[in-house]
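# Structural overview
Here is how the chains run, residue by residue.
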Amino acid sequence: MYARTGGEVEKTRVLVVEDDRGIAESLVRGLRQAGYGAEGVRTGREALSAPTPDVVLLDLGLPDIDGVEVCRRLRARSDVAIIAVTARGEEADRVVALDEGADDYLVKPFGLAELLARIRAVLRRRRPSGPETLRHGPLALDLRTRQVTVDGRAVALTPKEFGILECLAVDPGRVVTRQQILERAWDAHWYGPTKVLDVHVAALRRKIGVPGLVETVYGRGFRLGTVRESREKP
């Protein structure tokens, strides 16, 4: 472990998981200057053994454990915000990282201002304001624990599936556009294809198991249907 935070412990702690010492030290320095408590580790094993921070900046190309596997293990044990930071820019790599629990994805090279904006965005999503539980008919979303139940049955969702459902459940019946969902469940700077959203929505519908509850409004976006409509549709 290196680049340990000195002085007063900052309220928001960021762990930089990066094997390139120069990049890591630059990131830690920039984060500290922005007011974050930051430290860095060089391997996946160090990342998994470190105290749980608020945000993890995770390089996917680590020397000991694949970054996607590190992401999977971190997500299995905590709700920490994870931003994948890597040179891999292909859509398939982004989708794999997101499916395994990453909240966002940054491709190198990137600027510090963009990184800080991404951190602010994931923290807003992880620290929602307002009521802690959203309810709509048989559906209940606990925003604090990020748990979902349908008629009392627990439903295991990925972070992105939960984010999509949260966007819709905040105001049931209102149409939420594809771009609005991508900006809220992914990031305000999302520029990739929207087809990835259809894949996540399809998986979300299968897991919820209430036909018609998540409705497609063609040419506009998605919304939560009424309980009556969702029960009657085949």
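If you're wondering where the values come from, they're calculated on a predicted model, not measured in any experiment.

In spatial order, the strands read 2-1-3-4-5; together these five strands make up an open sheet with parallel pairing. The two strands at the open ends of the sheet, each matched to only one other strand, are strand 2 (37-41) and strand 5 (104-107). Averaged over neighbouring strand pairs, the angle between their axes works out to 20° when direction is ignored. Where strand 3 (residues 55-58) lies against strand 4 (residues 81-86), four bridges are found, and the strand directions are parallel. Residue pairing across strands places valine 56 opposite isoleucine 82, the latter belonging to strand 4.

Once that is clear, we can look at the packing of helix 6 (residues 159-169) against helix 7 (residues 178-186). In contact at an axis separation of 9 Å, helix 6 and helix 7 are set at 125° when each is read in the N-to-C sense. Taken together, the axis directions place helix 6 and helix 7 in an arrangement best described as oblique. The element helix 6 and its partner helix 7 pack so that their crossing is right-handed. Of the residues in helix 7, those in contact with Lys160, Gly163, Ile164, Cys167 and Leu168 of helix 6 are Ile181, Arg184, Ala185 and Trp186.

Of all hydrophobic cores here, the largest spans 51 residues; its most connected members are Leu58, Ile164, Leu165 and Ile181. In this structure isoleucine 181 touches Ile164, Cys167, Leu168, Val176, Trp186, Leu197 and Phe222, once residues within four positions along its chain are discounted.

Let us look at the pairing of strand 12 (residues 221-224). Where strand 10 (residues 176-177) lies against strand 12, two bridges are found, and the strand directions are antiparallel. Along strand 12, the bridge assignment pairs threonine 177 with glycine 221. Bridge count for strand 11 (residues 214-217) against strand 12 is four bridges, and the pairing is antiparallel. Following the sheet pairing, threonine 216 is matched in strand 12 by phenylalanine 222.

On to the pattern of salt bridges. For the coordinates displayed, the defined rule picks out 15 salt bridges. A salt bridge links glutamate 69 to arginine 72; the nearest nitrogen and oxygen atoms lie 2.0 Å apart. Here glutamate 69 pairs with arginine 72, and both are found in helix 3 (residues 67-77), just three residues apart, close to one helical turn. Judged by relative accessible area, arginine 72 falls into the partly exposed class, the value being 35%. Lysine 207 is the partner of glutamate 161 in a salt bridge, and the nearest nitrogen-oxygen pair spans 2.8 Å. Taken together, the residues span a long stretch of sequence, with glutamate 161 in helix 6 and lysine 207 in helix 8 (residues 195-208) at a distance of 46 residues. Accessibility expressed as a relative area gives 4% for glutamate 161, which makes it buried.

Parameters and conventions
- Residues numbered from 1 in each chain as written.
- Predicted model: local features only at pLDDT ≥ 70, side-chain atom pairs only at ≥ 80, totals over all residues.
- Heavy atoms only, no water.
- Pairing = 2+ DSSP bridges.
- Helix = DSSP H or I, 4+ residues; strand = E, 2+ residues; numbered from the N terminus.
- Axes fitted to C-alpha atoms, helices over the stretch in contact; angles between N-to-C directions.
- Parallel < 35°, antiparallel > 145°, perpendicular 65-115°, else oblique.
- Left-handed = near helix turned anticlockwise from the far one by under 90°.
- Contact = heavy atoms within 4.5 Å.
- Core = buried A, V, L, I, M, F, W, Y, C linked by side-chain atoms within 4.5 Å.
- Buried < 20%, exposed > 50% of the residue type's maximum accessible area, 1.4 Å probe, protein only.
- Salt bridge = Lys/Arg side-chain N within 4 Å of Asp/Glu carboxyl O.

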